Amino acid sequence: EDILIEGKPEDGEWLSYEAYELIWPISDRDYVFRQTIENSLFEGKKRTLVKVVSIEHPDYPERPKRVRGFLPTCTFSLEERTSNMTDVVVVVQVDPGGRLPEFLKNMIQKGWALKTLRALNKYLS
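No experiment lies behind these values; they were computed from the predicted model shown. (Residues numbered from 1 in each chain as written. Predicted model: local features only at pLDDT ≥ 70, side-chain atom pairs only at ≥ 80, totals over all residues. Heavy atoms only, no water.)

### Focus: the overall build of the protein chain
Across its full length, the protein chain carries two helices and seven strands. Going residue by residue from the N terminus, the α and β elements of the protein chain occur as β-β-β-β-β-β-β-α-α. Here the C-alpha coordinates of the protein chain stretch approximately 50 × 35 × 20 Å along the principal axes. When burial is assessed residue by residue, the protein chain has 27% of its 125 residues classed as buried. Carbon and sulfur atoms provide 54% of the accessible area of the protein chain, an area that totals close to 9200 Å². Averaged over its 18 positive side-chain charges, the protein chain has a centre that lies 6 Å from the centre of its 20 negative ones. (Helix = DSSP H or I, 4+ residues; strand = E, 2+ residues; numbered from the N terminus. Buried < 20%, exposed > 50% of the residue type's maximum accessible area, 1.4 Å probe, protein only. Areas by Shrake-Rupley, 256 points an atom, 1.4 Å probe, with all protein chains shown as cover. Lys, Arg positive; Asp, Glu negative; His and termini not counted. Charge placed at Lys NZ, Arg CZ, Asp CG, Glu CD.)

Shown next, in the form of structure tokens:
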């Protein structure tokens, strides 16, 4: 589930609610995010910085059957190198919440980076 609460990505700032159904015995998770995009030029090259952080929102309180995750840091830095090459740096800290063992958290997150970067590449192609 992905709900745009307010704002628009094309305006550079928006709030969203995301919920994930997970396999038993793991509880479903949800997050409320503030996301920003900043575009700039650095030494004549395009640079885009996308920031995502968890927030609280009165219209999206914690729900009894979902664990509220927390995303203190998530940044995507895209910097143009040539007309067809972009450097991408991703920094993410996430706490999925609940009482998951570390090995399970790592297993759930294992494919995230590759899936996300492939989706980003497809979107930008």
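From this point, the discussion proceeds with the structure in view.
### As for the packing of aromatic side chains
What characterises a pair of aromatic rings is the spacing of the ring centres plus the angle enclosed by the ring planes. Overall, the coordinates contain three aromatic pairs when judged by the stated rule. Between Tyr-17 and Tyr-60, the aromatic rings sit 5.0 Å apart at their centres with planes inclined by 25°, giving stacked as the arrangement. Here the residue Tyr-17 occupies a position in strand E2 (residues 13-20), and Tyr-60 occupies one in the loop between strand E4 (45-54) and strand E5 (66-68), the gap between them amounting to 43 residues. The pair Tyr-17 / Tyr-60 is uniform in exposure class, with both members buried. (Phe/Tyr/Trp six-rings, centres within 6.5 Å; stacked < 30°, edge-to-face > 60°.)

### A closer look at the nonpolar core
Core analysis: the largest hydrophobic core is formed by eight residues, namely Tyr-31, Phe-33, Val-50, Val-52, Leu-71, Cys-74, Phe-76 and Leu-78. Contributing elements (two or more residues each) for this core: strand E3 (28-42), E4 and strand E6 (70-82). A total of four residues in this core trace back to one element, the largest contributor, which is E6. In contact with Val-52, other than residues within four places in its own chain, are Phe-33, Arg-34, Gln-35, Leu-71, Thr-73 and Cys-74. (Core = buried A, V, L, I, M, F, W, Y, C linked by side-chain atoms within 4.5 Å. Contact = heavy atoms within 4.5 Å.)

### What about unusual backbone geometry?
Looking along the chain, the bond that leaves Trp-24 and enters Pro-25 is cis, with omega of 10°. You can see Pro-25 is positioned in the loop between E2 and E3. The phi angle at Glu-43 is positive, at roughly 50°, despite the residue not being glycine. Note on placement: Glu-43 falls in the loop between E3 and E4. Glu-43 gets classed as exposed once you look at its relative accessible area, which sits at 69%.

### Here's the deal with the pattern of salt bridges
Counting across every chain of the model gives seven salt bridges. Note that Arg-66 and Glu-1 form a salt bridge whose closest N and O atoms lie 3.4 Å from each other. With Arg-66 in strand E5 and Glu-1 in the segment before strand E1 (2-8), the pair connects residues that are 65 residues apart, well separated along the chain. According to the relative accessible area criterion, Glu-1 is partly exposed, its value standing at 48%. One salt bridge in this structure joins Glu-13 and Arg-34, with 3.1 Å as the shortest N-O distance. Taken together, the positions of Glu-13 in strand E2 and Arg-34 in strand E3 put the pair 21 residues apart, joining distant regions of the chain. Each of the salt bridges in this network shares a partner with another, and the network as a whole consists of Arg-47, Glu-79, Arg-81 and Asp-87. (Salt bridge = Lys/Arg side-chain N within 4 Å of Asp/Glu carboxyl O.)

### So, the side chain of His-57
Its place among the elements puts His-57 in the loop between E4 and E5. Apart from residues lying up to four places away in sequence, His-57 is in contact with Ile-5, Glu-6, Leu-15 and Val-32.

Nothing here speaks to function; it is geometry throughout.
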